[in-house]
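Residue strings, one per chain:
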Amino acid sequence: MLGTHAWAGTPTYHRDVEPLLQKHCQDCHRPGQVAPFSLLTYEQARKRASDLQTVTESRLMPPWHASSKEGGPFRDARVLSDAEIKLLADWVEADCPAGEPRDAPPARVWSSDWALGKPDLELKVKEAYTLGAAGPDELRVFVIPAGLTEGRWIRAIDFRPGNPRIVHHILSGYDITGRARELDAEDPSPGYATFGGYGRLKNGFPFFPQGSLGGWAPGKNPIVMREGVGRFLPAKADVLLQVHYHRDGKVETDASTIGLYFSRTPVDKLVRGALVTPPRPGLFSRPVLRIPAGDANHEVTGEWTARADIHLQAVVPHMHWLGKDFLLTAVYPDGVKRTLIKVDRWDFNWQDSYDYDTPVAIPRGTKIEMVAHFDNSRANPNNPSNPPKLVTWGEQTTDEMCIGFLHYTRDSEHLGNQAPPVENRLEMLKKAAAARKGR
Ligand code: HEC
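Residues numbered from 1 in each chain as written. Predicted model: local features only at pLDDT ≥ 70, side-chain atom pairs only at ≥ 80, totals over all residues. Heavy atoms only, no water.

## Considerations on the overall build of the protein
Note the following rule: Working definition: helices are DSSP H or I runs of at least four residues, strands are E runs of at least two. Numbering for both runs from the N terminus. Within these notes, the globule rule equals 2.2 Å times the number of residues to the 0.38 power, and the radius of gyration is based on C-alpha atoms. Residue exposure (1.4 Å probe, protein chains only): buried if accessible area is under 20% of the type maximum, exposed if over 50%, otherwise partly exposed. Here a residue-residue contact requires only that any non-hydrogen atoms of the pair lie within 4.5 Å. Here the accessible surface of atoms and residues is derived via Shrake-Rupley with a 1.4 Å probe, and residues count as covered only by protein chains that are part of the display.
Helix and strand content of the protein: 6 helices and 24 strands. Taken over the C-alpha trace, the protein has a radius of gyration of 23 Å; the compact-globule value for 439 residues is 22 Å, and the two agree within 12%. For the protein, the proportion of its 439 residues judged to be buried stands at 50%. For the protein, contacts bridging at least 24 residues in sequence account for 82% of all contacts bridging at least 6. Working note: accessible area of the protein is about 21,000 Å², and carbon and sulfur atoms make up 53% of it.

## Focus: the coordination of the iron atom of the ligand
Ideal geometry at a metal centre gives angles of 109.5 degrees when four donors are arranged tetrahedrally and 90 or 180 degrees when six donors are arranged octahedrally. Keep this limit in mind: Each metal site is built from N, O and S donor atoms within 2.8 Å (3.2 Å for Na, K and Ca), and since water is not included, such sites may look incomplete. Any coordination sphere not matching a tetrahedral pattern (four donors, all angles between 85 and 135 degrees) or a square planar or octahedral pattern (four or six donors, opposite donors over 155 degrees apart, other angles between 65 and 115) is reported as irregular.
Around the iron atom of the ligand, the donor atoms from the protein are His29 (NE2) and Met61 (SD), and they sit 2.0 to 2.3 Å away. One can describe the site at the iron atom of the ligand as octahedral: its 6 donor atoms subtend angles covering 85 to 180° at the metal. With a gap of 32 residues between them, His29 in the loop between α1 (13-24) and α2 (42-47) and Met61 in the loop between α3 (49-57) and β1 (66-71) connect regions that are remote in the sequence.

## Some words on empty space enclosed by the protein
Under the convention used in this document: Points on a 1 Å grid, built from protein atoms alone, make a cavity when a 1.4 Å probe fits but cannot get out and make a pocket when they are open with protein on both sides within 12 Å along at least 5 of 7 lines; residues with an atom within 4 Å of a point are the lining residues. Grid points are joined across faces, edges and corners, and a volume is the space filled by probe spheres set on the points. In this count, Pro and Cys sit with the nonpolar residues alongside Ala, Val, Leu, Ile, Met, Phe, Trp and Tyr, while Asp, Glu, Lys and Arg are called charged and the others, Gly among them, polar. As annotated, the domain borders come from an automatic or database domain assignment.
Taken as a whole and assessed by the stated rule, the structure comprises 2 cavities of 30 Å³ or more. Every residue lining the largest cavity is listed: Trp64, Arg75, Asp76, Arg78, Gly219, Lys220, Asp352, Ser353, Tyr354 and Asp355. Each residue belonging to the lining of the largest cavity can be placed in one class, and the counts come to 2 nonpolar, 2 polar and 6 charged. For the lining of the largest cavity, the two domains that each supply at least three residues are domain 1 (13-103) and domain 3 (272-413). Reported here for the second largest cavity is a volume of approximately 40 Å³. Within the residue set of the lining of the second largest cavity, elements represented by two or more residues are β6 (167-175) and β8 (211-216). Counting residues per element, the lining of the second largest cavity draws most heavily on β6, at 3 residues. Looking at the lining of the second largest cavity residue by residue, the classes come out as 4 nonpolar, 4 polar and 2 charged. Built from parts of two domains, the lining of the second largest cavity gets at least three residues from each of domain 2 (121-266) and domain 3 (272-413).

## Notes on the environment of Tyr198
Position of Tyr198 among the secondary structure elements: in the loop between β7 (192-194) and β8. Under the relative-accessibility criterion, Tyr198 is labelled buried at 11%. The spatial distance from the C-alpha of Tyr198 to the C-alpha of Gln242 is 7.6 Å, given a sequence separation of 44 residues. In this view, Tyr198 contacts Val141, Leu171, Ser172, Gly173, Leu183, Tyr192, Phe207, Pro209, Leu240 and Gln242; residues no more than four positions away in its chain are not counted.

## So, the sheet that holds strand β11 (residues 238-245)
Two modes of strand pairing occur in sheets, parallel and antiparallel, and in both the strands are linked by backbone hydrogen bonds. The following threshold applies: By definition, two strands form a pair when at least two bridges between them are found by DSSP. For helices, the fitted axis covers only the stretch in contact; all axes are lines through C-alpha atoms, and the angles between them, taken along N-to-C directions, range from 0 to 180 degrees.
The strand order across the open sheet formed by 5 strands is β7-β4-β11-β6-β8, and the pairing between neighbours is antiparallel. Strands at the two margins of the open sheet, each flanked by one partner only, are β7 and β8. Within this sheet the neighbouring strands show an average axis-to-axis angle of 25°, counted without direction. Taken together, the 4 bridges between β6 and β8 define a ladder with antiparallel strand orientation. Across the sheet, residue Leu171 finds its bridge partner in β8, namely Gly215. Packed on one face of the sheet, helix α5 (residues 179-186) meets β4 (138-145), β6, β7 and β11 and runs near 120° to β4.

## Comments concerning unusual backbone geometry
Backbone torsion omega between Met61 and Pro62 reads -15°, so that peptide bond is classified as cis. Of note, Pro62 is situated in the loop between α3 and β1. The residue after Gly72, namely Pro73, is reached through a cis peptide bond having omega -5°. By secondary structure assignment, the location of Pro73 is in the loop between β1 and α4 (82-93). Even without a glycine there, the phi angle at Arg59 is positive, about 60°. If you trace the backbone, Arg59 turns up in the loop between α3 and β1. Despite not being glycine, Asp95 shows a phi value in the positive range, around 75°. Along the chain, Asp95 turns up in the loop between α4 and β2 (121-124).

## Regarding the packing of aromatic side chains
Cut-off, in case you're wondering: Each Phe, Tyr or Trp ring (for Trp, its six-membered ring) is paired with any other whose centre lies within 6.5 Å, and the angle between the two planes then decides the class: stacked below 30 degrees, edge-to-face above 60, tilted in between. Only Lys NZ and Arg CZ are tested; either one counts as a charge over a ring when it is within 6 Å of the ring centre and within 35 degrees of the ring normal.
All chains considered together, the criterion is met by 12 aromatic pairs. An angle of 50° between the planes, with centres 6.0 Å apart, marks the rings of Trp304 and Tyr408 as tilted. Of this pair, Trp304 sits in strand β17 (residues 298-305) while Tyr408 sits in strand β24 (residues 402-410); the two residues are 104 residues apart in sequence, bridging distant segments of the chain. For the pair formed by Trp304 and Tyr408, the shared burial category is buried. Taken together through their ring pairs, the aromatic side chains of Trp64, Phe74, Tyr354 and Tyr356 make up a single cluster. Across the ring face of Phe262, the terminal group of Arg152 is positioned such that the distance to the ring centre comes to 4.2 Å.

Below you can see the structure in the form of structure tokens.
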């Protein structure tokens, strides 16, 4: 019987497969986490053996949507090597030998404590949100006053989803204008509902947090900033947690937490944000996006030019349900091109932030070009409109967006630990418009 006495070259569960599942699968495939079943025991793995082979060979699992051949390399990439995929396949084809329990690695333990130790500031959503058993995914923004009397530099950020069965991912930023509090007050439930963004200003323009505090998705390690680089949380800011909920068929509650670690060494450079979008007809207009009904491969392009020498720390692609693929390319002033990120199979459910292993130098004058495709045909099972309709830019499920968020530092910036100037995006746009008029 092959089950326990495999020949020497055949992978066994305890010796070969178990360490692989521990490293690449168990972050999500264990009780209480986002995946629908566990992969902690021999029986659990054997029962689904052919599925394990299929989803790894097709690279559906572990979920990771950036190409590992072009773009990156990224920190925390959830990617199996060809040898690991072959190992799983060989094990399945050999009829899943268990092997010797004494070859098994020690079981993995997950500390319920913070990976980096106790944060300097733990901010938890005050009132738990109750998510119903049935219906589509939900996005809500929770507003938590940070209570800082003076601004602080942040060297690391981590999150604790309150209920990992339903928290699919979290994005975070902060608000110093009070707008998020107003939106919260207008929505009777804890937090406020949104789709993709953070809601709107009273005049209808999109409301952006004034700064980002990164995000969390299952399996993601804490965000640790490099020496001399930080994010800044101003005095009196409200921290915003945008939580994407995925229902599990039961009524569930959640109150998630963000943990902030203050910098102990001087910070010289602020992590800043910029957006690559399709062109806007005017500074205050929305980007133009028109995806005709029935078009199965509609191309959308946009570009952003660096006005200073910068280093790109991370990129976050964002589209809705019609997105198919997404590409950002740096075109250097001498014409040389470098792929920054390539997503071949866009999946709305995995809005990851992709952090570079080593920040990418982007000299002044470099163009960052975006090319994305959308499938607005009836054949797209994710199309929220049936029959398909003309789709334009907007926040709703039935609208679309096409954004490359860039997180970067400025080479010339030397703050010497001084608080960075607070940047209000709307004020910046107004100033830019006034400067243009004056020319
Ligand atoms: C980051 C979280 C995460 C990791 C890591 C992960 N999975 Fe999954 N897995 C999921 C989720 C969530 C689902 C449910 C389907 C979905 O949302 O895509 C799933 C579904 C599956 C399925 C069922 C697929 C289907 O079509 O029904 C299999 C099989 C699977 N995973 C195997 C694996 C294996 C093997 C690994 C490691 C090599 C792995 N997963 C790593 C989150 C994860």
